[in-house]
Amino acid sequence: MTARWTPTPSASQQARGKRVLVMGSGSGSNFEALFHTLSPHGIVFAGLFCDKPGAYILERAARLGVPSTTPPPIPPETDPPPHPKRHLNDAVMAFLDQPFDALVLAGYMRILPTRVVTPYAGKILNIHPSKLPDYPGLHAIRKAYNAGESRIGVTVHLVTPEVDAGPILGQETISISPGESLEAVETRVHALEHELYPRVVFDFLTQAPQPAEQ
Ligand code: GRF
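Small disclaimer: the values here were computed from a predicted structure and weren't measured. (Residues numbered from 1 in each chain as written. Predicted model: local features only at pLDDT ≥ 70, side-chain atom pairs only at ≥ 80, totals over all residues. Heavy atoms only, no water.)

A. Here's a closer look at helix α2 (residues 29-38). Buried residues dominate α2, accounting for 7 of its 10 residues. Listed as buried for α2 are N30, F31, E32, A33, L34, F35 and L38. Tucked inside the fold, the buried residues of α2 contact β1 (19-24), β2 (44-50), α3 (56-64), β4 (102-105), β5 (124-128) and α7 (182-206). (Buried < 20%, exposed > 50% of the residue type's maximum accessible area, 1.4 Å probe, protein only. Helix = DSSP H or I, 4+ residues; strand = E, 2+ residues; numbered from the N terminus. Contact = heavy atoms within 4.5 Å.)

So this is what it looks like as structure tokens:
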């Protein structure tokens, strides 16, 4: 784990006014960690999209003053009714129709289809609780733990149409102590996520391409 993170004043200056959109489906602990770490640097959390009405992440958004969006209900008279995935991703596309510098997936449990990913390629980030390319997909912590791994990781990567396979922007690992319970490991992995994700998103937003040498 790294020491307490403090960006340089010039990077902090560059961060001011950058706009982040978040998508999540569950608890939203990563969203809240991102918000608390990055808002003080003037990074704007312009909106949250949640596919699950009632998810706790929506309560966090309300408390933090971040506007949230959920997919609208399908009007009962719609005939034929739209395919549920199409309806959901139409709502996602409408949500993304606003200016933003990064779309941050924070526990969004749906696969984004190519029609969503392609127009925003290079601007969508995701966090996954494993040392990718190991253990992509669901239940990554449990799979690594049950396989007897001595180290376990967290990865932030760019999103591509292939699940958990885009270019890696940041990765850290911790060791599993002998006899440590799965629950204890999960708690430490989530703490590592809350520390790594804000740093990587900040670097992503502030690392402008370097000018070519004269
Ligand atoms: C995290 O473990 C993240 O790596 C995975 O989903 C979980 C979301 O947790 N993609 P939370 O909603 O941020 O608490």
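What follows picks up the thread again.
B. Broad picture of the site of the ligand. Contacts to the ligand come from S27, G28, S29, N30, G107, I127, P129, H190 and E193. The backbone of G28 places a nitrogen or oxygen atom 2.7 Å from an oxygen atom of the ligand. One of the side-chain N or O atoms of E193 is found 2.3 Å from an oxygen atom in the ligand. Burial of the ligand by the protein chains amounts to 83% of its free accessible area of 370 Å². Looking at the shell around the ligand, the elements that each hand over two or more residues are α2 and α7. Broken down by class, the residue content of the shell around the ligand amounts to 2 nonpolar, 6 polar and 1 charged. (Near = heavy atom within 4 Å. Polar contact = N/O pair within 3.5 Å; in protein donor to acceptor, adjacent residues only side chain to side chain. Areas by Shrake-Rupley, 256 points an atom, 1.4 Å probe, with all protein chains shown as cover. Nonpolar A, V, L, I, M, F, W, Y, C, P; charged D, E, K, R; others polar.)

C. Seen up close, the environment of P9. Here P9 shows up in helix α1 (residues 9-15). Once the C-alpha coordinates of P9 and P119 are considered, the two residues, 110 residues apart in sequence, prove to be 32 Å apart.

D. Fine view of the nonpolar core. Counting 41 residues, the largest nonpolar core has F31, I43, F45, V66, I152, Y197 and V201 as the members making the most contacts within it. Among the elements that line this core, the one with the most residues is α7, at 10 residues. (Core = buried A, V, L, I, M, F, W, Y, C linked by side-chain atoms within 4.5 Å.)

E. Unusual backbone geometry, seen in detail. In this model, D79 is joined to P80 through a cis peptide bond whose omega is 0 degrees. Checked against the element boundaries, P80 lands in the loop between β3 (68-69) and α4 (84-95). Here the residue pair L132 and P133 is connected by a cis peptide bond, since its omega of 10 degrees sits within 30 degrees of zero. A positive phi is found at D164, a non-glycine position, where the angle reads about 55 degrees.

F. A look at the packing of α2 against α3. Two elements in contact, α2 and α3, have axes whose closest approach is 9 Å; the angle formed by their N-to-C orientations is 20 degrees. In terms of their interaxial angle, α2 and α3 are classed as roughly parallel. Judged by the twist between their axes, the crossing of α2 over α3 is right-handed. Contacts between α2 and α3 involve S29, F31, E32, F35 and H36 from the first element and I57, R60, A61, R63 and L64 from the second. (Axes fitted to C-alpha atoms, helices over the stretch in contact; angles between N-to-C directions. Parallel < 35°, antiparallel > 145°, perpendicular 65-115°, else oblique. Left-handed = near helix turned anticlockwise from the far one by under 90°.)

G. Seen up close, the packing of aromatic side chains. Counted according to the given criterion, the structure contains 6 aromatic pairs. Ring centres 5.0 Å apart and planes at 75 degrees place the aromatic pair W5 and F202 in the edge-to-face group. Here W5, found in the segment before α1, pairs with F202, found in helix α7; they are 197 residues apart in sequence, far enough to count as distant. With relative accessibility at 23%, the residue W5 sits in the partly exposed group. F202 sits in the buried class, given a relative accessible area of 2%. With 5.3 Å between their ring centres and 45 degrees between their planes, F100 and Y120 make a pair best called tilted. Placement of the pair is F100 in the loop between α4 and β4 and Y120 in the loop between α5 (114-117) and β5, with a sequence separation of 20 residues. A residue is classified by how much of its surface remains accessible, and F100, at 6% relative accessible area, is buried. Three or more aromatic residues joined by ring pairs make a cluster, and in this case those are F31, F35 and F45. (Phe/Tyr/Trp six-rings, centres within 6.5 Å; stacked < 30°, edge-to-face > 60°.)

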